[in-house]
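Spelled out, the chains give:
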Amino acid sequence: MPHVNLQVPAVAVREIRLNTITGFAGNATELVSQSRCGGLVDQSRSFTQCLGCSTSNAACMVTLVQDGVVISHGPVGCSSCLHEFAFTYRVNAPLRGVQNPTQRHIYSTNLSEDDTVFGGNQKLADTIREVARRDTPQVIFVITTCASGIIGDDVEGIATEAEEELGIPVVAIFCEGFRSKVWTSGFDAGYHGIARKLVRPPRHKRPIINVINFWGSDIFSRWFEQFDASPNFITPYATTESLAYSSEALASVQACTTLGSYLSGALEQEYGVPALRAAPPYGVAATDRWLRELGTLLDKPEAAEKIIARDRAEFLPRVEELRSQLKGKSAYVTAGAGHGHSLLAVLAELGIKAQGAALFHHDPTNDIDSEDADSLVAAVRDYGDVPNFNICNKQEFELVNVLNRIRPDILLARHGGMTLWGAKLGIPSLLIGDEHYGMGYEGLVNYGEAILEIVENDEFVKNLAKHSINPYSKWWLEQPPYTFLGDDE
Ligand code: SF4
């Protein structure tokens, strides 16, 4: 059973809740076998280049709520990354058929040095009132930062007072960057705020299925209509109303266990909405299992079999052709944990040898306490080991060193800024922003065709490599890639 505590304002960070790690080098089988026996050790680095901030992940989820506004309570610099989500919201709207995406409204209380001495409570209270007056939102999300956390502003108390005064939810989200080395702790902080303050008890069950995702295209309606249901996407393009009554859904599924298991666990624990305990549907094996489990959960197993037969017949012949066209190719993956595992499954189905992966963290368990929902366990069981498996919170110096040695035929990345390292080395690199692009049987066709196109058209990256200057020295590229990992001396 999930173990979510909505009575407290802040959710415990992943290092404490899930024993999450950010440092490991070995292979995927070792990582899986160490994960559930208490034997997994987080290897620290004696040198690190960067660290993600949970604030951005919390903001990533709440900025996408159509009728909400976001206030970053801190120095203005902490909100500098938030424009990215306004961009994401706008450019991905067509993927979900949203014709007129609303303008995003993102504010900062702009804490100054004086505020860090005398406190920022009044500034926050005034900002909330001013934002409510200007924008008349249905919900105000207040995300905390290191500065407001260190000076001990009473963000929860101010939010509660403002909520009573304004008559709309004002949700305090505790996601100060210093709280966690695992940036995905920010997702949990955002969902914790939503589960505490927005979700209401169900009035009655409705034929909807919660889909906890980023901003990917709607591939679910086509599946769910066979179950006489429709998707309720959380949080991209959701409204305060649709989030409030996510408690009325028949089930919750997630694009990625890393992203969704906290909220699906909270909905199950608090309102009895069952969370699907199957790894997300990437690759034939996982898609078969996911659809069958959903059919069982909804008591419509025949509908699942119908989709499987229909989609296999439609897409698998082309997958077979792609396998022969991609035969002998190799790849390296860099991505967040859950989606990275899914990309490994997609590669294996296409017959492409994964030569390694650098994933940003590893959760040995998840908030629905299910090994079946663990996409790395599923990928290893279905397709076998992956060598050169590195847990690396975006330490690009390690990635460049490894890529320079392995030289795969293609680099698959999930985040902007990572593909350039492959391209500079002359390795064709592919970044797909739509996380649903690789889902289901059709996802294999999508990825297979995209990979084929870029490996066959590598002239640009080959030329780029000839003219690129690698910022890393020859000395570093000759060192073992994990020189600074597990060395606390
Ligand atoms: S780590 Fe702290 S100071 Fe840096 S952006 Fe995040 S909240 Fe702000």
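The residue count restarts for each chain, going from 1 along the sequence in the order it is written. Given that the model is predicted, a residue must reach a pLDDT of at least 70 before its local features are reported, and side-chain atom pairs must reach 80 or more before they are shown or counted; all residues, however, enter totals for whole chains, interfaces and linings. Note that water and hydrogens are dropped before the side-chain values are worked out from all heavy atoms of the structure.

## Description of the overall build of the protein chain
Then, in step 1: Counting secondary structure elements, the protein chain contains 21 helices and 13 strands.
Then, in step 2: Relative to the 2.2 N^0.38 estimate, which gives 23 Å for 489 residues, the radius of gyration of the protein chain is 22 Å and therefore close to what a compact globule would have.
Then, in step 3: Exposure categories follow from relative accessible area, calculated using a 1.4 Å probe and restricted to protein chains: below 20% of the type maximum is buried, above 50% is exposed, and the middle band is partly exposed. Expressed as a percentage of its 489 residues, the buried residues of the protein chain come to 58%.
Then, in step 4: Contacts are assigned to residue pairs with any non-hydrogen atoms lying within 4.5 Å of each other. Across the protein chain, every contact between residues at least 6 apart in sequence was considered, and the portion connecting residues at least 24 apart equals 75%.
Then, in step 5: Surface exposure here means Shrake-Rupley accessible area, sampled with a 1.4 Å probe, where a residue is shielded only by the protein chains that are shown. In the form shown here, the protein chain has an accessible surface area of approximately 19000 Å², with 52% of it arising from carbon and sulfur atoms.
Then, in step 6: The positive charge centre, built from 41 side chains, and the negative charge centre, built from 60, are 4 Å apart in the protein chain. Starting at the N terminus, helices and strands are each numbered in turn, a helix being any DSSP run of H or I of at least four residues and a strand any DSSP run of E of at least two. Throughout, the radius of gyration refers to the C-alpha atoms, and the reference size of a globule is 2.2 Å times the residue count to the power 0.38. In this count, Lys and Arg are taken as positive residues and Asp and Glu as negative ones, while His and the chain termini are left out. In this description, the location of a charge corresponds to atom NZ of lysine, CZ of arginine, CG of aspartate or CD of glutamate.

## Remarks on the packing of aromatic side chains
Then, in step 1: Planes of paired rings set the category: under 30 degrees apart is stacked, over 60 is edge-to-face and the rest tilted, where pairs are Phe, Tyr or Trp rings (Trp by its six-membered ring) whose centres lie within 6.5 Å. Applying the stated criterion to the full structure yields 17 aromatic pairs.
Then, in step 2: Their ring planes at 70° and their centres at 5.8 Å tell us that Trp183 and Phe360 sit as a pair that is edge-to-face. Of this pair, Trp183 sits in the loop between strand 5 (170-173) and helix 9 (185-197) while Phe360 sits in the loop between strand 10 (353-359) and helix 16 (375-383), and the two are 177 residues apart along the sequence.
Then, in step 3: Taking the relative accessible area as the measure of exposure, Trp183 reaches 17% and is therefore buried.
Then, in step 4: The interplanar angle of 55° and the centroid separation of 5.3 Å between the aromatic rings of Phe397 and Trp476 together place this pair among those described as tilted.

## A look at the sheet that holds strand 1 (residues 23-26)
Then, in step 1: What the 6 strands build is an open sheet, ordered 1-11-10-9-12-13; its pairing is mixed. The open sheet has two free edges, formed respectively by strand 1 and strand 13 (429-431), since each of these has just one partner strand. Taken over all neighbouring pairs, the strand axes of this sheet differ in orientation by 15° on average, direction set aside.
Then, in step 2: Of the strands in this sheet, strand 1 and strand 11 (389-392) are in contact with helix 2 (residues 28-35), which crosses strand 1 at around 130°.
Then, in step 3: In the packing of helix 17 (residues 396-406) onto the sheet, contacts are made with strand 9 (330-335), strand 10, strand 11 and strand 12 (410-413), and the angle to strand 9 comes to roughly 175°. If DSSP finds at least two bridges between two strands, the strands pair. Axis angles are defined between N-to-C directions and span 0 to 180 degrees, where every axis is a line fitted to C-alpha atoms and, for a helix, only to the segment in contact.

## Remarks on the domain arrangement of the protein chain
Then, in step 1: Taken domain by domain, the protein chain holds domain 1 (51-197), domain 2 (208-297) and domain 3 (316-478).
Then, in step 2: A straight line from the C-alpha centre of domain 2 to that of domain 3 covers 25 Å.
Then, in step 3: Taken together, the contact between domain 2 and domain 3 spans 35 residues of the former and 32 residues of the latter.
Then, in step 4: Buried area: the accessible area, evaluated with a 1.4 Å probe, that two parts lose upon being put together, summed over both parts. Interface of domain 2 and domain 3: buried area, both sides summed, is about 2600 Å²; carbon and sulfur atoms make up 59% of it.
Then, in step 5: The largest contributions to the domain 2 side of the interface with domain 3 come from Arg277, Tyr282 and Val284, which together make up 27% of the buried area. Domains are outlined according to an automatic or database domain assignment.

## Some thoughts on the layout of surface pockets
Then, in step 1: By volume, the largest pocket amounts to about 840 Å³.
Then, in step 2: Cavity and pocket criteria rest on a 1 Å grid covering protein atoms alone: a 1.4 Å probe that fits but cannot get out defines a cavity, protein on both sides within 12 Å along at least 5 of 7 lines defines an open pocket, and an atom within 4 Å of a point defines a lining residue. Forming the walls of the largest pocket are 34 residues, and the residues nearest its centre are Glu84, Trp183, Trp215, Arg414 and His415.
Then, in step 3: Those elements that place two or more of their residues in the lining of the largest pocket are helix 3 (54-62), helix 4 (83-91) and helix 15 (337-349).
Then, in step 4: Of the residues forming the lining of the largest pocket, the biggest block, 5 residues, is contributed by helix 4.
Then, in step 5: Among the residues making up the lining of the largest pocket, the classes are represented as 15 nonpolar, 15 polar and 4 charged. Grid points are joined across faces, edges and corners, and a volume is the space filled by probe spheres set on the points. Residues are sorted three ways: Asp, Glu, Lys and Arg are charged, Ala, Val, Leu, Ile, Met, Phe, Trp, Tyr, Cys and Pro are nonpolar, and all the rest, Gly among them, are polar.

## Remarks on the site of the ligand
Then, in step 1: Any residue with at least one heavy atom within 4 Å of a molecule or strand is counted as near it. Every residue close to the ligand is listed here: Cys53, Thr55, Cys78, Thr145, Cys146 and Gly177.
Then, in step 2: Looking at the shell around the ligand residue by residue, the classes come out as 3 nonpolar, 3 polar and no charged.

## Examining the pairing of strand 8 (residues 251-254)
Successive residues of a regular strand alternate their side chains across the two faces of the sheet.
Then, in step 1: The two faces of strand 8 match: Ala251 and Val253 on one face and Ser252 and Gln254 on the other face are all buried.
Then, in step 2: Sheet topology note: the strand 6 (residues 208-212)/strand 8 ladder contains 4 bridges and is parallel. Across the sheet, Asn210 pairs through a bridge with Ser252, a residue of strand 8.

## Digging into helix 14 (residues 301-325)
One turn of an α-helix holds 3.6 residues; hence residues three or four places apart share an orientation.
Then, in step 1: Under the convention used throughout, the expected extent of a helix is 1.5 Å for every residue step, that is, one less than its residue count. Taking 1.5 Å per residue as the helical rise, helix 14 with its 25 residues ought to reach 36 Å, and the 35 Å between its terminal C-alpha atoms agrees with that figure.
Then, in step 2: Roughly 40° is the biggest bend found in helix 14, and it falls at Phe315, with proline Pro317 one to four residues downstream.
Then, in step 3: Turning to helix 14, its buried residues number three or more, namely Ala303, Ala304, Ile307, Ile308, Asp311, Phe315, Leu316, Val319 and Leu322.
Then, in step 4: Turning to helix 14, the residues buried within the fold contact helix 10 (220-224), helix 13 (284-297), helix 15 and helix 19 (440-456). Note that the bend at a residue is defined as the angle between axes fitted to the seven residues ending at it and the seven residues starting at it.

## A short note on empty space enclosed by the protein
Then, in step 1: Evaluated as defined, the whole model comprises 3 cavities of 30 Å³ or more.
Then, in step 2: When its volume is computed, the largest cavity comes out at roughly 110 Å³.
Then, in step 3: Surrounding the largest cavity, Thr257, Thr258, Ala337, Gly338, His341, His362, Asp363, Thr365, Asn366, Asp374 and Ser375 form its lining.
Then, in step 4: Elements with a contribution of two residues or more to the lining of the largest cavity: helix 12 (257-271) and helix 15.

## Things to note about the state of the cysteines
Then, in step 1: When the sulfur atoms of two cysteines come within 2.5 Å, that pair is taken as a disulfide. This structure, assessed with the given rule, holds 0 disulfides.
Then, in step 2: Looking at the unpaired Cys60, the closest cysteine sulfur is the one in Cys81, lying at 9.7 Å.
Then, in step 3: We classify Cys60 as buried; its relative accessible area is 5%.
Then, in step 4: Of all cysteine sulfurs in the structure, the one in Cys53 sits closest to Cys81, which takes part in no disulfide; the separation is 6.6 Å.

## Topic: the packing of helix 13 against helix 16
Then, in step 1: Contact geometry of helix 13 with helix 16 gives a least axis separation of 10 Å together with a crossing angle of 120°. Looking at the two axes, helix 13 sits oblique to helix 16. For the pair helix 13 and helix 16, the sense of crossing is right-handed. Contact with helix 13, carried on its side by Val284, Ala285, Ala286 and Arg289, involves Ala378, Asp382 and Tyr383 of helix 16 and no other residues of that element.
Then, in step 2: Broken down by class, the residue content of the contact of helix 13 with helix 16 amounts to 5 nonpolar, no polar and 2 charged. Angles are sorted into four bins: roughly parallel if under 35 degrees, roughly antiparallel if over 145, roughly perpendicular if 65 to 115, and oblique for all others. In this scheme the crossing of two helices becomes right-handed for a clockwise turn of the near helix relative to the far one and left-handed for an anticlockwise turn of less than a right angle.

## Comments concerning unusual backbone geometry
Then, in step 1: With an omega of -5°, the peptide bond running from Ile234 to Thr235 counts as cis.
Then, in step 2: Within the element layout of this structure, Thr235 appears in the loop between strand 7 (230-234) and helix 11 (240-244).
Then, in step 3: Of note, the phi angle at Thr136 is positive, near 40°, even though the residue is not glycine.
Then, in step 4: As for its position among the elements, Thr136 is in the loop between helix 6 (121-135) and strand 4 (139-144).

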